[in-house]
Amino acid sequence: MSTVPFRLITPAEVVFEGEAELVIAVTTEGEEGVLPHHAPLLAVLRPGVLRANVRGAAASERFEVATGPGFIQALPDAVTVLVDEVVRFEDVDVAKTREELGAASAAHDRSAEEFALAKLRLTGH
Amino acid sequence: MATVRELRDRIRSLKNTQQITKAMKQVAAAKIRRAEAAQRRARPCAEAISEMLRRLSAEVSESSVAHPFFKDGNPAAVPGVILMTADKGLAGAFNSNVIRAAESYAQQNHGATFYTIGIKARNAVRRMGQSEHPTWTLAGDKLETARAVAARAGEDFAEGRISRLVLISSRFISMMSQKPEVIPLLRVPRHFVVSPAGRESEKPQLRGAVEFLPSPEFVLARLLPKYLEFTIFSTMLETDAAFFAAQLIAMSNATDNAGKAIDELTIAMNNARQAAITKELLEVVAGAEALAG
């Protein structure tokens, strides 16, 4: 299978550099899969999971990380993904993240209530 | 003339100082390598951002972009200045050179609103009379700090509280030389969108060649804040490296000067000791002669 040079970059470092057979990123318009010789593309990425089939030592390997918002630039001879941050799954502290998620969704609910209340006061319904 | 004991005490205290400056020199040498490595790691990101901006520049015209970073700022307001220094001193004139550059910039522009990164910058701006200003340290998570600074200053620019935004920091020219530099940040310099005249011929070829999702304008609007953040971030890395270079030189000079002073004092001490011995000998001889006589 043919491959294309693929780089995953954050402001602080190059997270991955190698040959990829396929790169799948979550753009604001939905998932976008990029194969070698892709037509030039520049897209905005949402926070999501970046997946790629990369050329490993012997066979192709699955490369999967969570990324912050960013950009993907695909050219026929290079794919560059530039994101704010990269989180490897093995680095995720499940208990801590659950706690953060709980706090965030509680804050979300609270502000939704406040919003509904304020709307009620203003419009009466 | 100082006594032998006084001179010996001064030499001992100088040797202690020399040990400290020598240790600081070695620490600076180690840290500068780390700071330079961090700068190298950030370079691919700079290249990626500028390449994306170049591609976009072929596609969008100035008028089609509604982003506030592309509009002239409020002319009635004062300029915003991000002043960046190190947190610590003991690096020669490193911090004061940057601070002086900022003072003269503020004077030329009849005032400025400061955002400071680095404790030395914070103290300097407080002395200038802006005791309550947004301020961050250079140490800590640099990416997070850069994001916070970019968000705060970007918002002030977009809402017309500052006329433009510049970054005043130290440029790492070489190990021996660091110079203060004023980098314009906002509004975004025109050449980012409108390519220089020489490249005008490239435009038709590039136009339409790249597919932008969802649209060139949207991509640009997302990329501009990133560009601002990243410029601040990479300048922080540069300030780090430049600071340790300045500290290395300052501490190396201090160590040499202490060595020279120790040599001079040692000679003075030996002279004093010899004078005392000679004087004692003379007294003994004189006494013996008196007895013999």
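Residues numbered from 1 in each chain as written. Chains lettered and ligands numbered in written order. Predicted model: local features only at pLDDT ≥ 70, side-chain atom pairs only at ≥ 80, totals over all residues. Heavy atoms only, no water.

**Re the overall build of chain A**
From N to C terminus, chain A includes 1 helix and 9 strands. Walking chain A from its N terminus toward its C terminus, one meets helices and strands in the order β-β-β-β-β-β-β-β-β-α. Computed over the C-alpha atoms, the radius of gyration of chain A is 19 Å, more than 25% above the 14 Å expected from 2.2 N^0.38 for a compact globule of 125 residues. Counting across all 125 residues of chain A, residues that qualify as buried make up 38%. Counting only contacts in chain A whose residues sit at least 6 apart along the sequence, the fraction spanning at least 24 positions is 48%. Accessible surface for chain A amounts to roughly 7100 Å². Of this, 56% is attributable to carbon and sulfur atoms. Of the side-chain charges in chain A, 11 are positive and 20 negative, and the distance between the mean point of each set is 6 Å. (Helix = DSSP H or I, 4+ residues; strand = E, 2+ residues; numbered from the N terminus. Rg over C-alpha atoms; globule rule 2.2 N^0.38 Å. Buried < 20%, exposed > 50% of the residue type's maximum accessible area, 1.4 Å probe, protein only. Contact = heavy atoms within 4.5 Å. Areas by Shrake-Rupley, 256 points an atom, 1.4 Å probe, with all protein chains shown as cover. Lys, Arg positive; Asp, Glu negative; His and termini not counted. Charge placed at Lys NZ, Arg CZ, Asp CG, Glu CD.)

**Quick look at the interface of chain A and chain B**
Taken together, the 21 residues of chain A in the interface contact 25 residues of chain B. Here chain A meets chain B over a buried area of about 2100 Å², counting both sides, of which 69% is carbon and sulfur. The three residues of chain A that bury the most area against chain B are Pro 11, Leu 42 and Phe 71 of chain A, which together make up 29% of that side's buried surface. In this structure, the connection of chain A to chain B is made through 1 salt bridge. Put simply, Asp 84 of chain A and Lys 226 of chain B hold a salt bridge, and the shortest N to O gap is 2.9 Å. There are 7 residue pairs in polar contact (both at pLDDT 80 or more) connecting chain A and chain B. Looking at the side of chain A that touches chain B, the elements with two or more residues in it are β1 (4-9), β4 (41-45), β7 (70-75) and β8 (78-83) of chain A. Per-element accounting of the side of chain A that touches chain B gives the leading share, 4 residues, to β4 of chain A. Its residues placed into classes, the side of chain A that touches chain B shows 12 nonpolar, 4 polar and 5 charged. With 3 bridges joining them, β4 of chain A and strand β6 (residues 211-213) of chain B adopt parallel strand pairing. (Buried area = accessible area lost by both parts, 1.4 Å probe. Salt bridge = Lys/Arg side-chain N within 4 Å of Asp/Glu carboxyl O. Polar contact = N/O pair within 3.5 Å; in protein donor to acceptor, adjacent residues only side chain to side chain. Nonpolar A, V, L, I, M, F, W, Y, C, P; charged D, E, K, R; others polar. Pairing = 2+ DSSP bridges.)

**Side note on the confidence of the model for chain B**
Residues and elements named next belong to chain B. Considering every residue of chain B, the mean pLDDT works out to 86; 91% of them sit at 70 or more. Per-element confidence in chain B ranges from a low mean pLDDT of 49 for helix α5 (residues 202-206) to a high of 93 for strand β1 (residues 80-84). Note on residues 195-204: pLDDT under 50 across the span, and 8 contacts to partners over four residues away in sequence or across chains. What the predictor reports for the complex is a pTM of 0.81 with an ipTM of 0.76. (pLDDT = per-residue confidence, 0-100.)

**Remarks on empty space enclosed by the protein**
The full count for this structure, using the stated rule, is 1 cavity of 30 Å³ or more. In this structure, the largest cavity encloses a volume near 110 Å³. Lining the largest cavity are 13 residues; nearest its centre among them are Pro 11 and Asp 84 of chain A together with Lys 226, Glu 229 and Phe 230 of chain B. Residue assignment for the lining of the largest cavity shows that the elements contributing at least two residues are β7 and β8 of chain A together with α1 (4-57), α4 (142-158) and α6 (216-292) of chain B. For the lining of the largest cavity, the element with the highest residue contribution is α6 of chain B, accounting for 3 residues. (1 Å grid on protein atoms, 1.4 Å probe; cavity = no way out; pocket = protein on both sides within 12 Å on 5 of 7 lines; lining within 4 Å. Points joined across faces, edges and corners; volume = space filled by probe spheres on them.)

**So, the domain arrangement of chain A**
The domain boundaries assigned to chain A delineate domain 1 (4-87) and domain 2 (90-123). Using only C-alpha atoms to locate each centre, domain 1 of chain A and domain 2 of chain A end up separated by 31 Å. (Domains from an automatic or database assignment.)

**A few points about the domain arrangement of chain B**
The assigned domain composition of chain B is domain 1 (4-21 + 250-292) and domain 2 (38-247). Once you take the C-alpha centre of each, domain 1 of chain B and domain 2 of chain B turn out to be 55 Å apart.

**A look at the pairing of β1 of chain B**
Residues and elements named next belong to chain B. In terms of residue burial, β1 counts as a mostly covered element, since 5 of its 5 residues are buried. Residues Gly 80, Ile 82 and Met 84 point to one face of β1 and Val 81 and Leu 83 to the other, with burial holding for every one of them. Summarising the sheet, β1 and strand β4 (residues 165-174) pair through 4 bridges and their orientation is parallel. Looking across to β4, one finds that Val 81 is bridged to Val 166. Crossover connection from β1 via helix α2 (residues 94-108) to parallel strand β2 (residues 113-117): handedness right-handed. (Right-handed = clockwise from strand over helix to strand, strands pointing away.)

**A closer look at unusual backbone geometry**
All names here are of chain B. For the bond running from Leu 186 to Arg 187, omega is -5°, close enough to zero to count as cis. Along the chain, the position of Arg 187 falls in the loop between β5 (177-186) and α5. Look at the link from Leu 213 to Pro 214: it is a cis peptide, with omega at -5°. Residue placement: Pro 214 occurs in the loop between β6 and α6. At Leu 90, a residue that is not glycine, the phi angle is positive and equals roughly 55°. Examined against the element boundaries, Leu 90 turns out to sit in the loop between β1 and α2.

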